[in-house]
Amino acid sequence: MIGFLLRRLVNYVALCLVATFAAFSLASLAFSPLDGLKLRNPPPPKATIDAKAAELYLNQPIPERFFTWLGGVFQGNFGRTITDQPITDELLRRMGVSLRLFVLGITIGIVIGVLVGVVSAIRQYKISDYLATTFSFVVLSTPVFVIATILKAGAQSVNDNLLDGYQFFIVQGENSSGLSGGFGEALLDRVQHLIVPTLAIVLTQVAYYSRYQRSAMLDVLGSDFLRTAQAKGLTRRRALFKHGLRTALIPMATLFAFGFGLLVTGGIFTEKIFGWYGMGDWLVTGIQQQDTNIVATVTLFIAVCVLFAGWLSDVLYAVLDPRVRI
């Protein structure tokens, strides 16, 4: 099994580099970062423009530029932005912002989604199944930015009805500045900022995963191995959760893993609406500023997330399905 996982890891690393090179090449072809400099009135001397181009490696062929940038990445240097700011420091800060929001949201969403899907399958065509199905269809048919805006307005309405104007839900930004109450106050402030945007992610994840988990669970409910387990003395509930759920989770492993890997790009609206300046927001900023290094850095981050998610999917398969370990 270790050899299998190592081979898969090598494949994912190669795909990660290919995806980053593709994004870097497309951004290099599409962006003209010196346009703003050339349009100044009066325009700067040609020597100034050439110096800036050399600083940004714009006078090199795209493959050479990419490997120059990649060489710096392996040394922990992701280059500089168009405005001459170091990317590495901003990358670390924004990674923390995005991961703090998305890891919590998708973890809670997966757990609740699996439970809702299992209950819906076991109680097929009962009132709980119809309620879960209706909820999922409503949420899945509603754009993310609409859900986030509704939650934001609802949280503000709750705040307006609290005594003494207390703001329990804070719906803008990731933290408040100027706090002086120590660790406890800072932690509470972080939680208050985190609740509503996390809920926006959780709702969509529950709706998404519950539908797939329901279908996967229905496929195993009438299986021979469940009847055999019950014939050997296991109760129906224990047979369902010990054998049925484990089997139903096998096809879900890929969805769980890659869902996390791709959530960064899908969370752009959430970050924008709630003022969380994470990786999704940074990607939009990089495109607006025609900054190849920012776009390549965010693409590499997303590719690494997908790489890790794919490898984690293989590990989950090996844990859930003994046949993979042979």
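Criteria and thresholds
Each chain carries its own residue numbering, running from 1 in the direction its sequence is written. Reporting of local features is limited, given that this is a predicted model, to residues whose pLDDT is at least 70; pairs of side-chain atoms are given and counted only at 80 or more, and all residues count toward the totals for whole chains, interfaces and linings. With hydrogens and water set aside, each side-chain value is computed from the structure's full complement of heavy atoms. Aromatic pairs are defined between Phe, Tyr and Trp rings, using the six-membered ring for Trp, whenever the two ring centres lie within 6.5 Å; interplanar angles under 30 degrees are classed as stacked, those over 60 as edge-to-face, and all others as tilted. Per the convention used, a helix needs a DSSP run of H or I reaching at least four residues, while a strand needs a run of E reaching at least two, with both numbered from the N terminus. Exposure above 30% relative accessible area and the absence of a salt bridge qualify a residue for a patch, where like charges join within 9 Å and nonpolar side chains (Val, Leu, Ile, Met, Phe, Trp, Tyr) within 5 Å. Surface exposure here means Shrake-Rupley accessible area, sampled with a 1.4 Å probe, where a residue is shielded only by the protein chains that are shown. By convention in these notes, a salt bridge is any Lys or Arg side-chain nitrogen within 4 Å of a carboxyl oxygen on Asp or Glu. Only buried Ala, Val, Leu, Ile, Met, Phe, Trp, Tyr and Cys residues count toward a nonpolar core, and they belong to the same one when joined by side-chain atoms within 4.5 Å. Burial classes: relative accessible area under 20% of the type maximum marks a residue as buried, over 50% as exposed, and values in between as partly exposed (1.4 Å probe, protein chains only). Here a residue-residue contact requires only that any non-hydrogen atoms of the pair lie within 4.5 Å. Helix span, as expected, comes to 1.5 Å for every residue beyond the first. Each direction from the helix axis to a C-beta atom contributes to the arc, which is the arc of those directions.

(A) Structural context of the packing of aromatic side chains. One pass over the structure, following the stated rule, counts 10 aromatic pairs. Between phenylalanine 168 and phenylalanine 169, the ring centres sit 4.9 Å apart and the planes meet at 85°, which makes this aromatic pair edge-to-face. Every member of this aromatic cluster is reached through a ring pair, and the members are Phe21, Phe24, Phe66, Phe67, Trp69 and Phe78.

(B) Summary view of unusual backbone geometry. Located in the positive-phi region is tyrosine 125, a residue other than glycine, with phi close to 65°. Within the secondary structure, tyrosine 125 sits in the loop between α5 (87-122) and α6 (127-140). A positive phi angle, close to 55°, is found at glutamine 290, a residue other than glycine. Summarising the element assignment, glutamine 290 is placed in the loop between α13 (279-288) and α14 (292-320).

(C) Representation of a nonpolar patch on the surface within the structure. Among the surface-exposed residues, Val158, Leu162, Tyr166, Phe168, Phe183, Leu187, Leu188, Val191 and Ile195 lie close enough to one another that they form a single nonpolar patch of about 790 Å² accessible area. Here the nonpolar patch gets five residues from one element, more than from any other, and that element is helix α8 (residues 183-221). For leucine 188, the position within the fold is in helix α8.

(D) How the structure looks around the nonpolar core. Formed by 27 residues in total, the largest nonpolar core has its most connected members in Trp69, Phe78, Trp282 and Val298. For this core, the secondary-structure elements that each account for two or more residues are α1 (2-30), α4 (62-74), α5, α13 and α14. Within the second largest apolar cluster, 19 residues are counted, among which are Ala121, Val220, Leu240 and Ala248.

(E) The side chain of threonine 297, seen in detail. Here threonine 297 is to be found in helix α14. When sequence neighbours within four positions are dropped, the list of residues in contact with threonine 297 reads Trp69, Phe78, Ile87, Leu91 and Trp282.

(F) Broad picture of α6. Between its terminal C-alpha atoms α6 stretches 20 Å, which fits the 20 Å expected from 14 residues at 1.5 Å a residue. When we look at burial in α6, the residues that qualify are Asp129, Ala132, Thr133, Ser136 and Val139. End-on, the buried residues of α6 take up no more than an arc of 140°, which puts them together on one face. Every exposed residue of α6 that faces more than 90 degrees away from the buried side is listed here: Ile127, Leu131 and Phe137. Looking at the buried side of α6, the elements it contacts are α5, α7 (144-160) and α8.

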